[in-house]
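Architecture at a glance
Chain by chain, the residues run as shown.
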Amino acid sequence: MMTRILVFACLCIPYLLVAQHSGAKKLAKEKEKQFHAQLDSISRYQEEAVYRQHAPAFAGTGTNGETFDLTAAKGEIVFVNFWFTSCGPCIKEMPELESLRKKYQDQVRFVSLCLDQAPRIAQTLSWLAQQRHIQSFDWLILPESQPVARKYGVALYPTNLIIDPAGKVHTIGGSNLGYLERRLKKLIKAKG
C-alpha cells in the first residue's frame, strides 16, 4: 500500500507542479497584458497634459562630437530619450531603443539626453557591450542634460517623447515602446 502511495506521489507531484507552473505562466501573461494596458492609459493621460505644447528648445554637443539643435530640427520628427547610467529600466530598454532607431533612422531624428558626464556614459556603454547586453547604442547622446530634463518636467526615468514636425510635443511615454512606436508610425504616415 505504501509503495502504491509513493508511486502515485512520484507520478502526480511533477504533473501538478507542471500544471501549476503553466497556470502561473498563463496568469503572468495576463497580468503583463493588464500592466501594458494601464501603461497605455497612463501614457495617453500624460500626453493629454502636454499635448501639442511647444517643445522647449535645447541644443548640445553629443559624446561623439556631433551637434544637435532642436530649433534647427523643425520640420523633422524627433524621438527624445531621457536616461542616466545607473537606471536599471533605462539600460533594460536600450536594445529595443536601438532597434527602433535602426528601423526609423531615415524618417526620424533620435536624440538621447543623459544626466551623466561623457566619460561615465562611455564607460557604461563599453561595459554593457562587454556583457553583451547591447551590441551598439548609436544614438546621438547629449551628456549632462539635467537642465533640459527640468525644462521638460521629467521626473521618472526612462522618459521617451516624440516631437512632431511643428516642434510640438506629440507623445510622452516611459518604457512602453510599443505604444511609442505606434504613435511614431502615425506621425510618419501623416508627414508623408
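Numbers given to residues run from 1 along each chain, matching the order in which its sequence is written. With the structure being a predicted model, the display of local features is reserved for residues of pLDDT at least 70 and the display and counting of side-chain atom pairs for 80 or more, all residues being used for whole-chain, interface and lining totals. Just so you know, side-chain values use all the structure's heavy atoms and leave hydrogens and water out.

**Digging into unusual backbone geometry**
Look at the link from Tyr 157 to Pro 158: it is a cis peptide, with omega at -5°. Numbered from the N terminus, helices here are DSSP runs of H or I no shorter than four residues, and strands are runs of E no shorter than two. Mapped onto the secondary structure, Pro 158 falls in the loop between α4 (146-151) and β6 (159-163). Unlike most non-glycine residues, Glu 144 shows phi in positive territory, near 50°.

**A closer look at the environment of Ile 188**
Relative to the elements of secondary structure, Ile 188 occurs in helix α5 (residues 177-191). Exposure is judged per residue with a 1.4 Å probe applied to protein chains only, and the accessible area is read against the type maximum: over 50% gives exposed, under 20% gives buried, and values in between give partly exposed. Taking the relative accessible area as the measure of exposure, Ile 188 reaches 16% and is therefore buried. Note: C-alpha distance between Ile 188 and Asp 164 (24 residues apart in sequence) is 9.3 Å. In this description, contact between two residues means that some pair of their heavy atoms is separated by no more than 4.5 Å. Apart from the residues lying within four places of it in its own chain, the contact partners of Ile 188 are Ile 77, Tyr 104, Gln 107 and Val 108.

**With respect to the nonpolar core**
Generally speaking, soluble globular proteins have nonpolar side chains that are buried together. One finds Phe 79 and Leu 184 to be the most contacted residues of the largest nonpolar core, which totals 26 residues. Of all the secondary structure elements, the ones that give two or more residues to this core are β3 (77-83), α2 (88-104), β4 (108-114), α3 (118-130) and α5. With six residues, α2 is the largest single contributor of residues to this core. With residues near it in sequence (within four places) discarded, Leu 184 still touches Ile 77, Phe 79, Tyr 104, Val 108, Phe 110 and Ile 162. Buried residues of nine kinds, namely Ala, Val, Leu, Ile, Met, Phe, Trp, Tyr and Cys, make up a nonpolar core once their side-chain atoms join them within 4.5 Å. Grouped together as the second largest cluster of nonpolar side chains are 21 residues, Ala 55, Tyr 152, Val 154 and Ile 172 included.

**Structural notes on the environment of Val 148**
The topology assignment puts Val 148 in helix α4. Residue classification places Val 148 among the buried positions, given a relative accessible area of 12%. Sequence spacing of Val 148 and Cys 114 is 34 residues, and the spatial spacing of their C-alpha atoms is 9.8 Å. Not counting residues within four places of it along the chain, the set of residues in contact with Val 148 comprises Phe 58, Phe 82 and Leu 113.

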